[in-house]
Amino acid sequence: MKFSLRRFAGAVCLALCASSGFAGELADGWSSSNCETGSCATECCDVGCDSCCVPCEDGAWGGFAEAELMFLRYHRADGVRMGSDAGEWGEFNFEPAGRYTLGVVGPSGMGFRGRYFRYNHFLGIENAGDGLGVETFSVDVEGFDVIELSDLIAVEVSAGARYNEFRESMIDVGEADSRLVQFNGMGLVAALEARRLLGAGHLYARARGAVVHGDKDIRNVDGGFLNQDFRLLDVNHGMIEISWGYETNYQMDNGMTFFARTGVEWQNWVNFSNEFDGVLGEPFFDGPTDVGLAGFTLSGGVSY
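The shown structure was predicted, so the numbers you read here are calculated from the model rather than taken from an experiment. (Residues numbered from 1 in each chain as written. Predicted model: local features only at pLDDT ≥ 70, side-chain atom pairs only at ≥ 80, totals over all residues. Heavy atoms only, no water.)

1. Some remarks on the nonpolar core
Phase 1 of the analysis: Counting 29 residues, the largest nonpolar core has Y74, F92, F117, Y119, F166, W269 and F272 as its most contacted members.
Phase 2 of the analysis: Not counting chain neighbours up to four residues away, the residues in contact with Y74 comprise V80, F92, Y119, L132, V134, F166, E168, V291, G292 and L293. (Core = buried A, V, L, I, M, F, W, Y, C linked by side-chain atoms within 4.5 Å. Buried < 20%, exposed > 50% of the residue type's maximum accessible area, 1.4 Å probe, protein only. Contact = heavy atoms within 4.5 Å.)

Have a look at this one:
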């Protein structure tokens, strides 16, 4: 699926237009503590709200769900290519990917969630059937805690476990070349996110990092000859994600909160792929190299 600038602009416009009608209140645990009493007969559960007429239920847990539509471009430290010859380079478009989150949160701001991310695209290079394909997914399970620093600023600290699978393939039909790098492993993930109340919503900035260990398979068929076919045991890879953007939310009288986000995100995955030999070129695919994803995100969700 190719990236459509007009379709993307329309989606951004829709998100911003929907956000413009939202009240300047933050989601559970993310707002200021000075609630306007007005005609409310009870104290506000979700601080910093205009709709504070819902009685507070001490000890109540809530749930939330979020779906993210991401437009990401794939990068390689060794260059996006299927070989080392002339004309075998390319550039990915901003391709769609999905990330989905489900979780629960307690009245103190501590909670648990699960997250699933998937990216699967193929870039055609040179002739029909030639190109670079990438398929990867990650599953996170983590706990988190929300800490309110002031009436305007709050932070979230999270930590947990991550499982990742990664597969990168290079195909050159005319030269009978095919290359494969494949990894699966698991490890730990942690993140820090800060939010600052601004206008009808708030700014957010997040840094998330993971270290995963597992086995890595490398296969290189050059000119029809199998030059490399081996497994590296217990390799370690790093994963870094940095994102920032703007979020708005709307809280209903029944306590349910709808939220929407727009932002940008950059990811760098350390040593996930391999690079071509600097002297011999395509026959040897022998040095580790970084890959990455970067682009725009649109998301929406609900909490209760």
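2. Some words on the environment of G62
Phase 1 of the analysis: Inspection of the secondary structure assignment puts G62 in strand β1 (residues 62–76).
Phase 2 of the analysis: A C-alpha to C-alpha distance of 9.9 Å links G62 and G255, two positions 193 residues apart in sequence.
Phase 3 of the analysis: Excluding anything up to four places from it in sequence, G62 contacts G103, V104, V105 and Y304. (Helix = DSSP H or I, 4+ residues; strand = E, 2+ residues; numbered from the N terminus.)

3. Comments concerning the packing of aromatic side chains
Phase 1 of the analysis: Inspection of the entire model under this criterion finds 10 aromatic pairs.
Phase 2 of the analysis: Each ring, one from F166 and one from W269, has its centre 6.3 Å from the other, and the planes form 65°; the classification is edge-to-face. In this pair, F166 is assigned in strand β5 (residues 153–172) and W269 in strand β9 (residues 257–275), connecting sequence segments 103 residues apart.
Phase 3 of the analysis: Of the aromatic side chains, those joined through ring pairs into one cluster are F166, F183, W269 and F272.
Phase 4 of the analysis: Above the face of the F94 ring, R73 is positioned so that its terminal group lies 4.5 Å from the ring centre.
Phase 5 of the analysis: Positioned above the aromatic ring of Y204, the side-chain terminus of R261 is 3.9 Å from the ring centre. (Phe/Tyr/Trp six-rings, centres within 6.5 Å; stacked < 30°, edge-to-face > 60°. Lys NZ or Arg CZ within 6 Å of the ring centre and 35° of its normal.)

4. Some words on the pairing of strand β7 (residues 201–222)
Phase 1 of the analysis: Bridge count for strand β6 (residues 177–198) against β7 is 21 bridges, and the pairing is antiparallel. Bridging from a neighbouring strand, R196 pairs with L203 of β7.
Phase 2 of the analysis: Taken together, β6 and the strand that follows it, β7, pair antiparallel across an intervening segment of two residues, in which G199 is found at a positive phi of about 65°.
Phase 3 of the analysis: By the bridge criterion, 21 bridges tie β7 to strand β8 (residues 225–251) in an arrangement that is antiparallel. Across the sheet, D222 pairs through a bridge with F225, a residue of β8. (Pairing = 2+ DSSP bridges.)

5. What to know about the pattern of salt bridges
Phase 1 of the analysis: Counted by the stated rule, this structure contains 26 salt bridges.
Phase 2 of the analysis: With a shortest N-O distance of 2.9 Å, R76 and E168 are connected by a salt bridge. Of the two residues, R76 is situated in strand β1 and E168 in strand β5; the sequence distance between them amounts to 92 residues. E168 carries the same exposure label as R76, and that label is buried.
Phase 3 of the analysis: Of the charged contacts in the structure, one is a salt bridge between R115 and D140, with a shortest N-O distance of 2.6 Å. A residue pair is termed long-range when its members are at least 10 positions apart, and R115 in strand β3 (residues 110–124) and D140 in strand β4 (residues 131–148) qualify at 25 residues. This pair shows no difference in class: R115 is buried, exactly as D140 is. (Salt bridge = Lys/Arg side-chain N within 4 Å of Asp/Glu carboxyl O.)

6. As for a nonpolar patch on the surface
Phase 1 of the analysis: A cluster of nonpolar side chains, namely I147, L149, L152, I153, V157 and L192, defines an oily patch on the protein surface of about 490 Å² accessible area.
Phase 2 of the analysis: Here I153 shows up in strand β5.
Phase 3 of the analysis: Residue classification places I153 among the partly exposed positions, given a relative accessible area of 34%. (Patch = residues over 30% accessible without salt bridge, like charges linked within 9 Å, V, L, I, M, F, W, Y side chains within 5 Å. Areas by Shrake-Rupley, 256 points an atom, 1.4 Å probe, with all protein chains shown as cover.)

7. Brief notes about the sheet that holds strand β2 (residues 95–105)
Two modes of strand pairing occur in sheets, parallel and antiparallel, and in both the strands are linked by backbone hydrogen bonds.
Phase 1 of the analysis: Strand order in the closed barrel formed by 10 strands is β1-β2-β3-β4-β5-β6-β7-β8-β9-β10, with antiparallel pairing between adjacent strands. Across this sheet, the average inter-strand angle for adjacent strands is 15°, counted without regard to direction.
Phase 2 of the analysis: Of the pairings in the sheet, the one linking β5 to β6 comprises 20 bridges and is antiparallel in character. Bridge pairing in β6 links R167 to Q182. (Axes fitted to C-alpha atoms, helices over the stretch in contact; angles between N-to-C directions.)

Fair warning: the whole summary comes from geometry, so function is off the table for now.
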